[in-house]
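These are the residues of each chain, in order.
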Amino acid sequence: MIRGILFDKDGTLVDFFSLWLKAALEVTPAFLRENNLDDNAQMTDYVLRAMGVEDGKVDPKGALAYKSYQEIAEDICRALEEKGIVLDTSRVQEQLERLFNGSVTSGDISYRELTDIGQVMRDLKGKGICVGLATADTLYSAESCLKKLGTYQEFDYVGADDGIRKPKPEADMFLEFQNKFHLKPEEIAVVGDTYNDVVFAKNNGGIAIGVLSGVSSEEDFRGEADYILNSIQELPQLLERME
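1. Some details on the overall build of the protein
Reasoning step 1: Helix and strand counts for the protein stand at 11 helices and 8 strands.
Reasoning step 2: With respect to the three principal axes, the spread of C-alpha positions in the protein is 55 × 40 × 30 Å.
Reasoning step 3: Taken across its 243 residues, the protein has 56% of its residues classed as buried.
Reasoning step 4: Here the contacts in the protein between residues at least 6 apart in sequence split such that 63% fall between residues at least 24 apart.
Reasoning step 5: Computing the positive centroid from 26 side-chain charges and the negative centroid from 44, the protein places the two 2 Å apart.

Below, the structure written as structure tokens:
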């Protein structure tokens, strides 16, 4: 029986593409300029490909889809080294965090909910289910998003990149959530739109629920996720079947 659910954020609760694809297209030229590199189309596309973005499409197994800023910085630095450009990974990480945070938390940013998040969380908690967030986003950005949507208070736990926790699929956020609410691993479901969320669930003994509302297709989840839903709107029916 599921007693706790950890939700991914982008692509699961809020629209991924209108937020992060837009941000990546804005941030990349600014990042290049900060490092005194050409921000022409060729170099911009090269760095975007290192992040898993090509021709306006996001690779579901690429860096932007699920990795932390540290991991994205490492991918970009490796790609630039192939062109003979050596940057400090820590500095690149700082730049990416600052530039992306500035883009996705700006005053005029609009987060598009994929469903009524607050109502879903209240319904689940009404059934005695603990609800949490487990995202690769920074803690500042994640909390800013939830507060702007007016749903921050609905979450019993918010797990994000605070510079201390290891990112998914490492166990840190899963174990924090599990221990906070005295749950067994098999009582926790992870709901997310990437294969990384599936690995996060499976590696830690949880139930993996893939949703098709983000970067992944059904083929990406088939044979991997325990359940596949079009979106979290179908979650109540799934829980009823599981009971």
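That covers the picture; the talk isn't over yet.
2. Describing the sheet that holds strand β8 (residues 227-229)
Reasoning step 1: Here we have 6 strands laid out as an open sheet, ordered β5-β4-β1-β6-β7-β8, and parallel in their pairing. Each edge of the sheet is formed by a strand with only one pairing partner; in this case those strands are β5 (157-161) and β8. The average undirected angle you get between the axes of adjacent strands in this sheet is 20 degrees.

3. Points about the pairing of strand β6 (residues 188-192)
Reasoning step 1: Burial within β6 is extensive, with 5 of its 5 residues counted as buried.
Reasoning step 2: On β6, burial covers both faces: Ile-188, Val-190 and Gly-192 on one face and Ala-189 and Val-191 on the other are all buried.
Reasoning step 3: Pairing between strand β1 (residues 4-7) and β6: 4 bridges, direction parallel. By the bridge assignment for β6, Gly-4 is matched with Ile-188.
Reasoning step 4: Crossover handedness for the path β6 to helix α9 (residues 195-203) to strand β7 (residues 207-211): right-handed.

4. Side note on the nonpolar core
Reasoning step 1: Grouped together as the largest cluster of nonpolar side chains are 68 residues, with contacts concentrated most on Ile-5, Phe-7, Leu-80 and Phe-100.
Reasoning step 2: Per element, the largest residue contribution to this core is 9 residues, and it comes from helix α1 (residues 17-34).
Reasoning step 3: Phe-100 has contacts with Trp-20, Ala-23, Ala-24, Val-27, Met-51, Leu-64 and Tyr-69, leaving out every residue within four places of it along the chain.
Reasoning step 4: In this structure, Leu-6, Met-173, Phe-181 and Phe-221 belong to the second largest nonpolar core, which totals 17 residues.

What counts and what doesn't
- Residues numbered from 1 in each chain as written.
- Predicted model: local features only at pLDDT ≥ 70, side-chain atom pairs only at ≥ 80, totals over all residues.
- Heavy atoms only, no water.
- Helix = DSSP H or I, 4+ residues; strand = E, 2+ residues; numbered from the N terminus.
- Buried < 20%, exposed > 50% of the residue type's maximum accessible area, 1.4 Å probe, protein only.
- Contact = heavy atoms within 4.5 Å.
- Lys, Arg positive; Asp, Glu negative; His and termini not counted.
- Charge placed at Lys NZ, Arg CZ, Asp CG, Glu CD.
- Pairing = 2+ DSSP bridges.
- Axes fitted to C-alpha atoms, helices over the stretch in contact; angles between N-to-C directions.
- Right-handed = clockwise from strand over helix to strand, strands pointing away.
- Core = buried A, V, L, I, M, F, W, Y, C linked by side-chain atoms within 4.5 Å.

Read these as spatial facts, not as claims about activity.
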